[in-house]
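Breakdown of the fold
Each chain, written out:
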Amino acid sequence: MMAQYRRIKSGLPRDALLLFRLGDFYEMFFEDAQIGAQLLNLALTKRGGAPMCGIPYHAAGAYIARLLKAGRKVAICDQMEDARPGQLVKREVTQILSPGAHFDERMLHAEQNNYLVALHQYQGVYGLAATDLTTGFFQCAEVRGEPGLISELERLRPAEIILPLGAETLHQKLKDRFRYITGYEDWVFLPETAVFTVREHFHVATLDGFGLKNRLAAIGAAGAVLHYLTQSLRRDVGHLTALSYYEPSDYMALDEATLRHLEIIEPANRDTGKAATLYGVINQTVTPMGARRLRDWLTQPLADVEAIKRRQDAIQTWVEHPDLLDRFRTALHEVRDLERTLGRLCAGSGNARDLVALKIGLEQLPALSKLLGDVLSLPPETVGAKLCELPLPQEASAPETAQPGLLACLKDSLREQPAIVELIQRAIVDEPPSSLHEGGIIKDGFDSGLDELRRATREGKEWIARLQQAEIERTGIASLKVRFNSVFGYYIEVTKSNLSKVPPHYIRKQTIANGERFITPELKEMEGKILGAEERSVKLEYELFQKVREEVLQHLRVLQETAGALAQLDVLSSLAEAARRHNYCRPVVGAEGVLWIRDGRHPVLEQTMVEERFVPNDTRLDNQNEQIALITGPNMAGKSTYIRQVALLVLLAHTGSFIPATEARIDLVDRIFTRIGASDDLTRGQSTFMVEMSETANILNNATPRSLIILDEIGRGTSTFDGLSLAWSIVEYLHNVVGAKTLFATHYHELTELAARLPRLRNYNVAVREWNDQVVFLRKIVEGGTDKSYGIQVARLAGVPRPVIERAREILRNLEESELTPEGNVRQATRHRAERDRLKQLPPNPQMDLFGF
Ligand SMILES: Nc1ncnc2c1ncn2[C@@H]1O[C@H](COP(=O)(O)OP(=O)(O)O)[C@@H](O)[C@H]1O
Ligand SMILES: [Mg+2]
């Protein structure tokens, strides 16, 4: 047996732990045992000198999940035949699981994809292929440059990455950001090899049909994914029925910092909960497929006006038909997770419940199609979005192409499958068990062979039931019982007092406390028939299940397309529901760099605020006149909220969603850059100021006039004068060189002086009312600078003891008129004003003003 073990082990990828089936256990040996014992906290034993540890077969799932979570691959080696004494059992590795390729519900999130990604650099381009085995997702792309690659990976958040063994530099660069990265044989990634792998998988002669013409880097990655799954992990990938190429530049770039700062998917503070994210308030999806797709849409905003309008049209149609929307969502709710159901059925881990779930999903299609037909043809129930008073973008002169709308296209992709529904309905019971090996799956009347076996079983059991009565009459023993146990099957039980009446042909089997147990030859004969028929019918049921499954999967491609359309319909109706529930408007989108929002609200805060009402605010930015908004105001006034809100609305508009405002025009931006909050990054180990400056550097180096930049309290991480000087010169650079629309929140009032020098900079502040020495935050953004910081009033609101407040006030008074020496004496000279005056005298920045004012 150990020889068998060694042979099997030597055929595995080196980093896979081998779980070797031995009776009721999966055993690990040698080094695997040591690793396994440590990871799973198990006792290490010895067998013939070899270290070994085992996990019980029945609880294996939970242990395997822990090994995968620890980033290990797990090879499952099963017994391929029943054990016979004295003979070596045939064993085979049935599958190899890895973090990016498994179906373990314990580790999968219904609302999140589990991606395996392969990377390949070829002729200066990064090829990337991503697949999710649980849903059949398979896409690839090419990216130029490392930052682009990293943001794409951060968006996908792969469960596992593979790259060529030779790509060591890339491995080094990625290894701190992504957990499970494995090197895989280089030759597999070579386009020559990969083209062949991919062509063979799809049975096609050319890959041009997938949009892969001359995309050698992407092909390399796609081929590697297929090779890795089939050859190294020995997995079935039949359900990867299509490969699509996407162009990252079709989407707005969103880097990891912005995703994090704006709390798009995850809250910045883990304790806050998902509800406090953009995804949390927007997500009204009713299926897990829709929820996953919505995440994609939020992290992959569109970069094309027409594509955005198509989504907006679809949402508007729903908003105008609230009744139909309700009914559509109710019907959609029944559909559940078709993508993963199909994934499981394909991968062989699906059971009869999956078939029933599929049937229930498919049964909704006629109703869903009908509702879509209605919504597309009936006149609106409510008045549509009101006409925008804001200037409309100049329409491109290209003639209107009468392309059918998105809803109509998706409706066409819903392909009803009456034959499949009928088949499953006829074959599978309505509430099947999860096991495929205990019978009870197939309906009566589906298969005559099965009916026959079942009849035999039933009749046998009836015969036995009748036997008891017959024997009682024959022997005159009224308390005689016919019973069954798993040790010796059917038997006749007679109590002690009646033993004398037992007929001679009864064969005694066992003596118990108050009687004896007997069998008879005819009883055993019938038992043989019943058990034989039962065993055969369970086997037959399994075979019939497999047949039905295969028949259903004949239509896999169409079913997957239908599931994909349902996912998109779910997202669109969810966005419509959010728009309706939260009172959103449809933004006008164009391409002229205009950003005007009337009464914008912060989508998350407006939902989570309980005590106060959220105060809406306007925004006006463009590239010609109002490029930079400098927002000053005391702490707690609402500056950070406001600038984040603008970024969130711009992002949301790019996904095609409606936004929380009364009206808005949001022209496309190529990227949203954010630099926010000095205290948020403590966990990352770098000094906060260093993080702040490296993020700022990234922005200054990469932003274009089409970008939107959000800067919050730049310079806070260092001393006042350093910080102020940096902030000053950063604003100048943004104005004179970068040219990107910028919102800049700061507590440095001195920066308001910049308005006099930089023509495209506007000062704003957050209105505050002073009342009896108290401050009231009005949360309203108004034009003009401010030079009061109200720090002391805020400290008082926060409960700082009265004497401290009084003393601070006294010191402030002195400072405002004069300056304290280090000893606390007052030195004449008004620092504040002097500082101002000095800044005023600063010669203009010699840097050329690109925008020529
Ligand atoms: N528009 C608004 N309407 C109502 N409350 C707001 C608004 N903006 C901010 N707030 C409240 O004020 C608090 C402080 O806002 P924040 O943006 O952090 O201020 P700042 O950045 O100016 O210090 C927020 O936590 C929120 O509760
Ligand atoms: Mg702030």
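Small disclaimer: the values here were computed from a predicted structure and weren't measured. (Residues numbered from 1 in each chain as written. Chains lettered and ligands numbered in written order. Predicted model: local features only at pLDDT ≥ 70, side-chain atom pairs only at ≥ 80, totals over all residues. Heavy atoms only, no water.)

**Notes on the overall build of the protein**
Applicable threshold: Counting from the N terminus, the helices are the DSSP runs of H or I reaching at least four residues and the strands are the DSSP runs of E reaching at least two. Only protein chains enter the accessibility calculation, which uses a 1.4 Å probe. A residue is then buried if its area is under 20% of the maximum for its type, exposed if over 50%, and partly exposed in between. Throughout, a contact is declared for two residues whenever any of their heavy atoms are within 4.5 Å. When charges are counted, Lys and Arg are positive and Asp and Glu negative, with His and the chain ends excluded. Each charge is placed at NZ for Lys, CZ for Arg, CG for Asp and CD for Glu.
Of regular secondary structure, the protein possesses 28 helices and 27 strands. Considered along the principal axes of its C-alpha atoms, the protein spans approximately 125 × 70 × 65 Å. Looking at the 853 residues of the protein, the share that counts as buried comes to 52%. Of the contacts made within the protein by residues no fewer than 6 positions apart, 69% connect residues no fewer than 24 positions apart. Between the averaged position of the 103 positive side-chain charges in the protein and that of its 112 negative side-chain charges there is a distance of 4 Å.

**Observations regarding helix H15 (residues 352-363)**
Spelled out, the test is: Expected helix span is taken as 1.5 Å per residue step, with the number of steps being one fewer than the number of residues. Here a polar contact means two N or O atoms within 3.5 Å. Within protein one must be a hydrogen donor candidate and the other an acceptor candidate, and residues neighboring in sequence count only if both atoms are side-chain atoms.
The terminal C-alpha atoms of H15, which comprises 12 residues, lie 17 Å apart, in line with the 16 Å expected from a rise of 1.5 Å per residue. Of all 12 residues in H15, 9 are buried, a share of seventy percent or more. Looking only at H15, the buried set comprises Ala 352, Asp 354, Leu 355, Val 356, Ala 357, Leu 358, Lys 359, Gly 361 and Leu 362. Against the buried residues of H15 lie helix H14 (338-347), helix H16 (365-377), helix H18 (418-427), helix H20 (521-553) and helix H21 (556-582). Where H15 begins, the side chain of Asn 351 points an oxygen toward the backbone nitrogen of Arg 353, at a separation of 3.0 Å.

**Section: the pattern of salt bridges**
We count it as follows: A side-chain nitrogen of Lys or Arg and a carboxyl oxygen of Asp or Glu constitute a salt bridge if their distance falls within 4 Å.
Tallying each qualifying case throughout the model produces 48 salt bridges. Notably, a salt bridge pairs Glu 577 with Arg 329, separated by 3.8 Å at the nearest N-O pair. Placement of Glu 577 in helix H21 and of Arg 329 in helix H13 (residues 322-333) is noted, with a sequence separation of 248 residues between them. The burial state of Glu 577 is the same as that of Arg 329; both residues are buried. Beyond isolated ion pairs, a larger network of salt bridges with shared partners links Asp 326, Arg 329, Glu 577, Arg 580 and Arg 581.

**Points about the confidence of the model for the protein**
As a general rule, the predicted coordinates of low-pLDDT regions are not to be interpreted in detail. The test is simple: pLDDT gives the predictor's per-residue confidence on a scale running from 0 to 100.
Overall, the prediction assigns the protein a mean pLDDT of 88, with 93% of residues at 70 or greater. Residue range residues 680-684 is modelled with pLDDT below 50. Its contacts to residues more than four positions away, or to other chains, number 7 contacts. Across residues 819-830 the pLDDT falls below 50, and counting only partners more than four positions away or on other chains, this stretch makes 21 contacts in the model.

**Here's the deal with the packing of aromatic side chains**
Filter applied, for reference: Ring geometry is summarised as follows: Phe, Tyr and Trp rings, the Trp one being its six-membered ring, pair when their centres sit within 6.5 Å, and such pairs are stacked at plane angles under 30 degrees, edge-to-face over 60 and tilted between the two.
Evaluation of the coordinates by the stated rule reveals 14 aromatic pairs. With centroids separated by 5.8 Å and ring planes inclined at 55 degrees, the aromatic side chains of Tyr 26 and Tyr 57 adopt a geometry described as tilted. Of this pair, Tyr 26 sits in strand S2 (residues 25-29) while Tyr 57 sits in the loop between strand S4 (50-56) and helix H3 (60-69), placing them 31 residues apart in sequence. Using a relative accessible area of 33% as the deciding quantity, one classes Tyr 57 as partly exposed. The interplanar angle of 55 degrees and the centroid separation of 4.8 Å between the aromatic rings of Phe 202 and Phe 210 together place this pair among those described as tilted. The class of Phe 202 is buried, set by a relative accessible area of 12%.

**Concerning the site of ligand 1**
Where we set the bar: Neighbouring residues are identified by heavy atoms, a residue being near a molecule or strand if any of them is within 4 Å of it. Gly counts as polar in this scheme, as do all residues outside two lists: the nonpolar Ala, Val, Leu, Ile, Met, Phe, Trp, Tyr, Cys and Pro, and the charged Asp, Glu, Lys and Arg.
Ligand 1 sits among 14 residues. The nearest are Val 615, Met 636, Lys 639, Ser 640 and Thr 641. Thr 641 is positioned with one of its side-chain polar atoms (N or O) 2.6 Å from an oxygen atom of ligand 1. Take Arg 779: an N or O atom from its side chain is 3.0 Å from an oxygen atom of ligand 1. If one sorts the elements of the shell around ligand 1 by residue count, helix H23 (residues 639-654) sits on top with 3 residues. Of the residues contributing to the shell around ligand 1, the split by class is 7 nonpolar, 4 polar and 3 charged.

**What to know about H18**
To keep things clear, this is the line we draw: In this context, the arc is that of the directions from the helix axis out to the C-beta atoms.
All buried positions along H18 are accounted for by Ile 420, Val 421, Leu 423, Ile 424 and Ala 427. Angular distribution of buried residues about the axis of H18 spans 165 degrees; they occupy a single face of the element. Away from its buried face, by an angle of more than 90 degrees, H18 presents the exposed residues Pro 418 and Ala 419. Of the surrounding secondary structure, the elements contacted by the buried residues of H18 are H15, H20 and H21.

**Quick look at the environment of Leu 778**
Its location among the elements puts Leu 778 in strand S25 (residues 774-783). For Leu 778, a relative accessible area of 31% translates into the label partly exposed. Remark: the alpha-carbon pair of Leu 778 and Val 768, spanning 10 residues in sequence, is separated by 5.5 Å. Look past the residues within four positions of Leu 778 in its chain and what remains in contact with it is Val 615, Ala 767 and Arg 769.

**Here we look at unusual backbone geometry**
You will see that Glu 263, though not glycine, has its phi angle at about 50 degrees, which is positive. Of note, the phi angle at Arg 336 is positive, near 55 degrees, even though the residue is not glycine. Considering the arrangement of structural elements, one finds Arg 336 in the loop between H13 and H14. Note on Arg 336: relative accessible area 42%, which makes it partly exposed.

**Some details on the domain arrangement of the protein**
When the parts come together, some accessible area is lost, and that loss is often what is quoted as the size of the interface. What counts, and what does not: The domain boundaries here were taken from an automatic or database domain assignment. Throughout, buried area stands for the accessible area (probe radius 1.4 Å) lost by two parts on being put together, summed over both.
Domain boundaries in the protein define domain 1 (2-97), domain 2 (116-250), domain 3 (256-385 + 564-582), domain 4 (448-551) and domain 5 (595-841). One C-alpha centre belongs to domain 3, the other to domain 5; they are set 36 Å apart. Contact between domain 3 and domain 5 buries roughly 2300 Å² in total, counting both sides, with carbon and sulfur atoms accounting for 67%. When the buried surface of domain 3 facing domain 5 is broken down by residue, His 261, Leu 262 and His 582 rank first, second and third, together holding 27% of it. Counting across the interface, domain 3 meets domain 5 through 1 salt bridge. Between Glu 695 and Arg 260 there is a salt bridge, with the nearest N and O atoms lying 3.9 Å from each other. Counting across the interface, domain 3 meets domain 5 through 8 residue pairs in polar contact (both at pLDDT 80 or more). Contributions of two or more residues to the side of domain 3 that touches domain 5 are made by helix H9 (256-261), helix H10 (278-282), helix H11 (288-299), helix H12 (305-319) and H21. At 7 residues, H12 tops the list of elements feeding residues into the side of domain 3 that touches domain 5.

**Re the sheet that holds strand S17 (residues 595-600)**
Formally: Two strands are said to pair when DSSP picks up at least two bridges between them. What counts as an axis is a line fitted to C-alpha atoms, over the stretch in contact for a helix, and the angles between N-to-C directions run from 0 to 180 degrees.
Within the open sheet, the 3 strands sit side by side as S18-S17-S20. Their pairing is antiparallel. Of all strands in the sheet, those bounded by a partner on one side alone are strand S18 (617-621) and strand S20 (663-666). Averaged over all pairs of adjacent strands, the angle between strand axes in this sheet comes to 15 degrees, irrespective of strand direction. Direction of pairing for S17 relative to S18: antiparallel, over a ladder of 4 bridges. Bridge pairing in S18 places Gly 600 opposite Asn 617. Helix-sheet contacts for H23 involve S17, S18 and S20, and the interaxial angle to S17 is about 115 degrees.

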